[in-house]
Amino acid sequence: MSHLNPRFGSFQNKNIWIIGASSGIGEACAKLFHSHGANLILSARRIDALESLKAACLHNNAPSSKVDVISLDVNSESSIQEASKHVLENMKHIDLLLFVSGIYEPMRASDFDYQIVFNTVNTNLLGPMRVLGEMLPQFIRQGNGHIGLVSSVAGYSGLPKSLAYGPTKAALINFAESLYYDLHPKGVSVHLISPGFVATPATARNDFAMPALISPEEAALEIARGLERGEFDIHFPKRFTRFLKFLRILPYSMYFWILKKFIKI
Ligand SMILES: NC(=O)c1ccc[n+]([C@@H]2O[C@H](COP(=O)([O-])OP(=O)(O)OC[C@H]3O[C@@H](n4cnc5c(N)ncnc54)[C@H](OP(=O)(O)O)[C@@H]3O)[C@@H](O)[C@H]2O)c1
């Protein structure tokens with residue numbers, strides 16, 4: 001079956017900008033891609049964490065591959081302009097721009113907080129859009145390259161405690177689909193990445209048992225495999241994501257019945 005994009009192939013000597021590399025899934029992707037010979041630019045707000053990651057990459061992996069760090073807040077236009085300029089000066093060609101940045105605040109209707117909703121939409125949805133405002137012309141000029149957007153299975157359909165987070169990820173799915181439609185004819189690949197539960201600082205505060213929980217290293221492997229094959233829809237772990245994909249095609253009466261019966265949070 002066609003995977004909708006050309007294969008990304010080997011990571012050797014590929015130029016990759018990871019946004020949201022300072023912890024969790026982004027950090028694991030950086031380590032994995034670098035161990036396969038990719039040149040990296042690492043971004044997030046916490047520069048100290050990025051510098052430690054850079055040191056770890058260069059210590060453990062092939063030192064011939066470059067690692068560079070540039071701080072970036074996806075909510076700040078000026079920070080985006082500065083970082084994009086730096087990336088374009090240092091990488092004449094970008095093979096992959098990977099958006100892993102995101103925040104997660106569990107919320108129920110009884111503690112609805114508009115400010116948290118605003119911050120979540122701003123970071124998770126408008127953040128990647130803001131960066132792409134600067135970077136899409138470069139990809140269109142190149143006529144190739146890959147853009148990966150980390151969404152979540154929480155975007156498939158409404159889930160408990162997901163009042164702020166879920167809508168941002170649902171919108172990101174829709175955004176990736178529309179982006180694919182426009183960029184594929186121009187030779188630029190788009191990858192929609194939807195993880196299930198991954199054990200990272202973001203989920204460490206969850207006070208419920210997370211089904212099919214995987215490590216950030218497993219998540220990074222799944223992302224690398226999906227990219228290598230050119231998949232548009234990179235979702236994992238399949239034992240969990242396939243079930244959620246099935247739930248979203250059910251009539252709402254069955255969907256809500258199953259949620260009530262099996263999800264006790
Ligand atoms: N863990 C899961 O179970 C799970 C499941 C599905 C999807 N996801 C998604 O996977 C992505 C990574 O999450 P994670 O679990 O690895 O969490 P994490 O360890 O908290 O990582 C989040 C990353 O986003 C960065 N970030 C947050 N706000 C930012 C901003 N304004 N500007 C730039 N970078 C920002 C953080 O860096 P700084 O704080 O240094 O800026 C950090 O590097 C998120 O998009 C999340 O929604 C996670």
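Along each chain, the written sequence defines residue order, and numbers are assigned to residues from 1. Local features in this predicted model are restricted to residues of pLDDT 70 or higher, and side-chain atom pairs are both shown and tallied only at a pLDDT of 80 or more, whereas totals for entire chains, interfaces and linings draw on every residue. Side-chain figures throughout are based on the complete set of non-hydrogen atoms in the structure, without hydrogens or water.

*Asks:* Lay out the overall build of the chain in plain terms, naming residues and giving numbers.
*Replies:* Helix numbers and strand numbers start at the N terminus; a helix is a DSSP run of H or I with at least 4 residues, a strand a run of E with at least 2. Looking only at helices and strands, the chain features 8 helices and 7 strands. Here the globule rule reads 2.2 Å times residues to the power 0.38, and the radius of gyration is calculated from C-alpha atoms. For 265 residues, the compact-globule formula gives about 18 Å, and the C-alpha radius of gyration of the chain, at 18 Å, lands near that figure. For the C-alpha atoms alone, the extent of the chain along its principal axes is close to 55 × 40 × 35 Å. Throughout, exposure labels follow a simple rule: accessible area from a 1.4 Å probe, protein chains only, divided by the maximum for the residue type, with under 20% read as buried, over 50% as exposed, and the rest as partly exposed. Here the chain holds 265 residues, and 52% of them are scored as buried. Contacts were defined at the residue level, with two residues in contact if any of their heavy atoms lie within 4.5 Å. Of the contacts formed within the chain by residues at least 6 apart in sequence, a portion of 72% connects residues at least 24 apart. For the chain, the accessible area works out to roughly 12700 Å², and carbon and sulfur atoms hold 56% of it. When the 26 basic and 22 acidic side-chain charges of the chain are each reduced to a single mean position, those positions are 7 Å apart. To be clear on the numbers: accessible area is Shrake-Rupley with a 1.4 Å probe, and residue cover counts the displayed protein chains and nothing else. We score Asp and Glu as negative and Lys and Arg as positive, and we do not count His or the chain ends. The location of each charge is read from NZ of Lys, CZ of Arg, CG of Asp or CD of Glu.

*Asks:* A description of the site of the ligand should follow, citing residues and the corresponding values.
*Replies:* We define proximity as follows: a residue is near a molecule or strand when any one of its heavy atoms falls within 4 Å of that partner. Residues in contact with the ligand amount to 31 residues; listed here are only the nearest, S23, R45, Y165, V198 and T200. Between the ligand and the protein, one listed contact pairs an oxygen atom with a side-chain N or O atom of S22 at 2.7 Å. As used in this structure description, the phrase polar contact means that two N or O atoms lie within 3.5 Å; if the pair is within protein, one of them must be able to donate a hydrogen and the other to accept it, and residues adjacent in sequence are counted only when both atoms belong to side chains. Within the contact set of the ligand, a nitrogen atom lies 2.9 Å away from a backbone nitrogen or oxygen of V74. Protein chains shield 94% of the accessible area of the ligand, which is 880 Å² for the free molecule. Going through the elements one at a time, α1 (24-35) and α5 (165-183) are the ones with two or more residues in the shell around the ligand. Residues are grouped as follows: Ala, Val, Leu, Ile, Met, Phe, Trp, Tyr, Cys and Pro are nonpolar; Asp, Glu, Lys and Arg are charged; all remaining types, including Gly, are polar. Partitioned by chemical class, the residues of the shell around the ligand number 14 nonpolar, 13 polar and 4 charged.

*Asks:* Please give an account of the packing of α1 against helix α2 (residues 47-60) that cites residues and values.
*Replies:* Axes here refer to lines fitted to C-alpha atoms; in helices the fit is confined to the stretch in contact. Angles between the N-to-C directions go from 0 to 180 degrees. Relative orientation of the contacting elements α1 and α2 amounts to 25°, with a least axis distance of 10 Å. One element, α1, and the other, α2, form an angle in the roughly parallel class. Between α1 and α2 lies a crossing whose hand is right-handed. Two secondary-structure elements touch here, α1 through E27, A30, K31 and H34 and α2 through L53, A56, C57 and L58. For the contact of α1 with α2, the residue count by class is 5 nonpolar, 1 polar and 2 charged. Should an angle fall under 35 degrees it is taken as roughly parallel, and over 145 as roughly antiparallel, whereas 65 to 115 is taken as roughly perpendicular and any remaining angle as oblique. Two helices crossing with the near one rotated counterclockwise from the far one by less than a right angle form a left-handed crossing, whereas a clockwise rotation gives a right-handed crossing.

*Asks:* Quick rundown of a nonpolar patch on the surface? Include the residues and the values.
*Replies:* Taken together, the side chains of F112, Y114, F118 and L163 present a nonpolar region at the surface, about 420 Å² in accessible area. Tracing the backbone shows F112 in the loop between β4 (96-99) and α4 (114-142). Only residues whose relative accessible area exceeds 30% and that take part in no salt bridge are eligible for patches, with like-charged residues grouped when within 9 Å of each other and nonpolar side chains (Val, Leu, Ile, Met, Phe, Trp, Tyr) grouped when within 5 Å. When a carboxyl oxygen of Asp or Glu is within 4 Å of a side-chain nitrogen of Lys or Arg, the pair counts as a salt bridge.

*Asks:* Got a sec to walk through the environment of Y156? Specific residues and values, please.
*Replies:* Tracing the backbone shows Y156 in the loop between β5 (146-150) and α5. When the C-alpha positions of Y156 and I223 are compared, they lie 18 Å apart, and in sequence the two are 67 residues distant. Beyond its immediate chain neighbours, meaning those up to four positions away, Y156 contacts I173, S194, D233, H235, T241, L244, K245 and R248.

*Asks:* Describe the packing of helix α3 (residues 77-90) against α4, and please don't skip the residues or the numbers.
*Replies:* Running from N to C, α3 and α4 cross one another at 30°; their axes reach a closest spacing of 9 Å. As summarised for this structure, α3 and α4 are arranged roughly parallel, according to the angle between their axes. Crossing of α3 over α4 shows right-handed handedness. Of α4, the residues touching α3 (which contributes E77, I80, Q81, S84, V87 and L88) are R130, V131, E134, M135 and Q138. Considered class by class, the residues forming the contact of α3 with α4 number 5 nonpolar, 3 polar and 3 charged.

*Asks:* Tell me what's going on with the packing of aromatic side chains, and back it up with residues and numbers.
*Replies:* Planes of paired rings set the category: under 30 degrees apart is stacked, over 60 is edge-to-face and the rest tilted, where pairs are Phe, Tyr or Trp rings (Trp by its six-membered ring) whose centres lie within 6.5 Å. A full pass over the atoms with the stated rule returns 9 aromatic pairs. Here Y180 and F232 contribute two aromatic rings whose centre-to-centre distance is 5.2 Å and whose plane-to-plane angle is 65°, an arrangement assigned as edge-to-face. One end of the pair, Y180, is in helix α5; the other, F232, is in the loop between α6 (216-229) and β7 (233-236), with 52 residues separating them in the sequence. Classification of Y180 by relative accessible area gives buried; the value is 15%. Taking the relative accessible area as the measure of exposure, F232 reaches 11% and is therefore buried. Taken together, F8, F11 and F33 form an aromatic cluster joined through their ring pairs. Consider the ring centre and the ring normal. A charge sits over the ring if Lys NZ or Arg CZ is within 6 Å of that centre and within 35 degrees of that normal. Here the basic side chain of K14 rests over the ring of F8, its NZ or CZ set 4.4 Å away from the ring centre. A cation sits over an aromatic face here: R248 above Y156, 4.4 Å from the ring centre.

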